[in-house]
Amino acid sequence: ITVWLESTEGALHREPAHPQREVMAAAAAAPLAKKAEAFLKRSRKWDSEFLCLGSKQQEAFSVPRPEELLPRITANLDYFCVNYCICLTLFAIVAIVVYPQLLVLVSVFSVLWYMLLTRPSHIKVQVGALLVTKKHFQMGLGVVNGLVVFFLARTTIFATIGASLLAVLCHAGFRNVPSKAKDKLAEEEAREP
């Protein structure tokens, strides 16, 4: 809640009704922002490393022999982890935009979750003889959210998950392990007894 006060000059200025809440929110957001920044710093260059555009031919894409497929996928999943997470997120965003049913579901449940999560933690509602707390509301909304999404959009969601995982596994399987990743693997193997 924000209170707008008129100063002596006639201008409006913002004064928070709950300054402690704003300070706590800012303090909670700082570590989250640092974690997100550290996570995104691990992303590899999209053009030269991830897609091999204009790079060395030995680090491009190739069909692996059966015995080197699993180590190649494992090394690439580790080395390109952040890039793959970004790709999966983009697949999800495209699916939400392309399928209006998903867009409606995301919008409705986002509003419901926002309304629930912004309520005070000590909220309690008396329903008959039961006392329902915020934790009960969260569990109930989670179950309703999961069931509605499963019954109304399961085909779209499973197809999107399948297509995105297939794209990631194809890239990880056909992309040669970058030399930087090989150096990192060699260091890790040397450290282990």
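Residues numbered from 1 in each chain as written. Predicted model: local features only at pLDDT ≥ 70, side-chain atom pairs only at ≥ 80, totals over all residues. Heavy atoms only, no water.

A. Structural detail: the pairing of strand β4 (residues 130-133). Where strand β3 (residues 124-127) lies against β4, four bridges are found, and the strand directions are antiparallel. Each residue of the ladder has a partner; that of V125, found in β4, is V132. The turn linking β3 back onto β4 is made up of two residues, and G128 within it adopts a positive phi angle of 65 degrees. (Pairing = 2+ DSSP bridges. Helix = DSSP H or I, 4+ residues; strand = E, 2+ residues; numbered from the N terminus.)

B. Inspection of the pattern of salt bridges at higher detail. As enumerated under the stated definition, the model contains three salt bridges in all. Here R65 and E67 are joined by a salt bridge, their closest N and O atoms 2.9 Å apart. Residue classification places E67 among the exposed residues on the basis of a relative accessible area of 55%. Where E68 meets R65, a salt bridge forms, and the shortest distance between an N and an O atom there is 3.4 Å. (Salt bridge = Lys/Arg side-chain N within 4 Å of Asp/Glu carboxyl O. Buried < 20%, exposed > 50% of the residue type's maximum accessible area, 1.4 Å probe, protein only.)

C. Spotlight on the confidence of the model for the chain. Summary statistics for the chain give a mean pLDDT of 80 and a share of 77% for residues scoring 70 or more. Element-level mean pLDDT values for the chain span from 37 in strand β1 (residues 2-6) up to 94 in helix α5 (residues 100-117). Scored below 50 in pLDDT, residues 1-8 shows 20 contacts in the model against residues more than four places distant or in partner chains. Throughout residues 10-17 the model reports pLDDT below 50, and contacts reaching past four residues in sequence, or to other chains, amount to 21 contacts. (pLDDT = per-residue confidence, 0-100. Contact = heavy atoms within 4.5 Å.)

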